[in-house]
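# Breakdown of the fold
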Amino acid sequence: MATELKSPQQYIYDEVFLTSLNLGYETYDYLPPGSTSYPFVFVGEQFDQDVTTKSVIYGYVTQTIHIYHSHKNRRELTDMMNQIKASLRRLKSAGPYSLAIRSINAQTMMDDTTAHPLLHGTIEVEFRFN
């Protein structure tokens, strides 16, 4: 049985996850339990749109990255967000696929879902692959 390539979406997810790990951040593919120490990164939701032509498939992937930190550490949270964004901008490929970033949107908000107030940063990055 021939080995199949991963989907472009999985290649992109893996590159984003690896980007966070390479920056030294605790990184998860799920929202970890409440006992997890801060800060941490959760590589979360992914939305994709494939476009098919006669000869190639290309498309768009929007990947959401969540960063959680104590509310007293806004500077460290925003520094983390900026480092992740800068590293993502340097990505030019994911596996056999070429990448280009179409947009990056970021937001920082308060999170009161735990006993201690948190800051919750989100980065949504839209990639074009082919």
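The following refers to the structure shown. Please read all numbers here as calculations on a predicted model, not as lab measurements.

### What about the packing of aromatic side chains?
Inspection of the entire model under this criterion finds eight aromatic pairs. Pairing Y97 with F129 gives two aromatic rings, centres 5.9 Å apart and planes at 85°, and the pair type is edge-to-face. In this pair, Y97 sits in strand β5 (residues 97–111) while F129 sits in strand β6 (residues 118–129), placing the two residues 32 residues apart along the sequence. By way of ring pairs, the aromatic residues Y28, Y30, Y38, F40 and Y68 are connected into one cluster.

### Considering helix α2 (residues 74–89)
Residue pairs spaced three or four apart in an α-helix point in one direction, given the helix's 3.6 residues per turn. For α2, spanning 16 residues, the distance from its first C-alpha to its last is 23 Å, which sits close to the expected 22 Å at 1.5 Å a residue. Within α2, burial applies to L77, M80, M81, I84, K85, S87 and L88. Seen end-on, α2 carries its buried residues on one side only, within an arc spanning 165°. Those residues of α2 hidden inside the fold are in contact with α1 (8–22), β2 (40–52), β3 (57–70), β5 and β6.

### A look at the nonpolar core
Core analysis: the largest hydrophobic core is formed by 26 residues, its most contacted members being I12, V41, I65, I67, I84, L88 and F127. Secondary structure elements with two or more residues in this core: α1, β2, β3, α2, β5 and β6. Dropping the residues within four chain positions of it, I84 is found in contact with L23, Y25, V41, I65, I67 and I123. Counting five residues, the second-largest nonpolar core is a separate cluster that includes F40, F42, Y68 and L118.

### Let's talk about the environment of L31
Mapped onto the fold, L31 is located in the loop between β1 (27–28) and β2. Distance from L31 to F42, taken between C-alpha atoms, is 6.2 Å for residues 11 residues apart in sequence. Beyond its immediate stretch of four places on either side in the chain, L31 contacts F40, F42 and Y68.

### Notes on the side chain of T19
In this structure, T19 sits in helix α1. Here T19 is in contact with S87, L88 and L91, once residues within four sequence places are set aside.

### A short note on the sheet that holds β1
Spatial strand order, β1-β2-β3-β6-β5-β4: six strands in an open sheet with mixed pairing. Edge positions in the open sheet fall to β1 and β4 (93–94), since each of these has one partner strand only. Pairing of β5 with β6 involves 12 bridges; the strand directions are antiparallel. Residue pairing across strands places D111 opposite L118, the latter belonging to β6. The strands that α1 touches are β1, β2, β3, β4, β5 and β6; relative to β2, the one it contacts most, it runs at about 155°. With respect to the sheet, α2 is in contact with β2, β3, β5 and β6, its orientation differing from that of β5 by roughly 170°.

About the cut-offs
Residues numbered from 1 in each chain as written. Predicted model: local features only at pLDDT ≥ 70, side-chain atom pairs only at ≥ 80, totals over all residues. Heavy atoms only, no water. Phe/Tyr/Trp six-rings, centres within 6.5 Å; stacked < 30°, edge-to-face > 60°. Helix = DSSP H or I, 4+ residues; strand = E, 2+ residues; numbered from the N terminus. Expected span 1.5 Å × (residues − 1). Buried < 20%, exposed > 50% of the residue type's maximum accessible area, 1.4 Å probe, protein only. Arc of directions from axis to C-beta. Contact = heavy atoms within 4.5 Å. Core = buried A, V, L, I, M, F, W, Y, C linked by side-chain atoms within 4.5 Å. Pairing = 2+ DSSP bridges. Axes fitted to C-alpha atoms, helices over the stretch in contact; angles between N-to-C directions.

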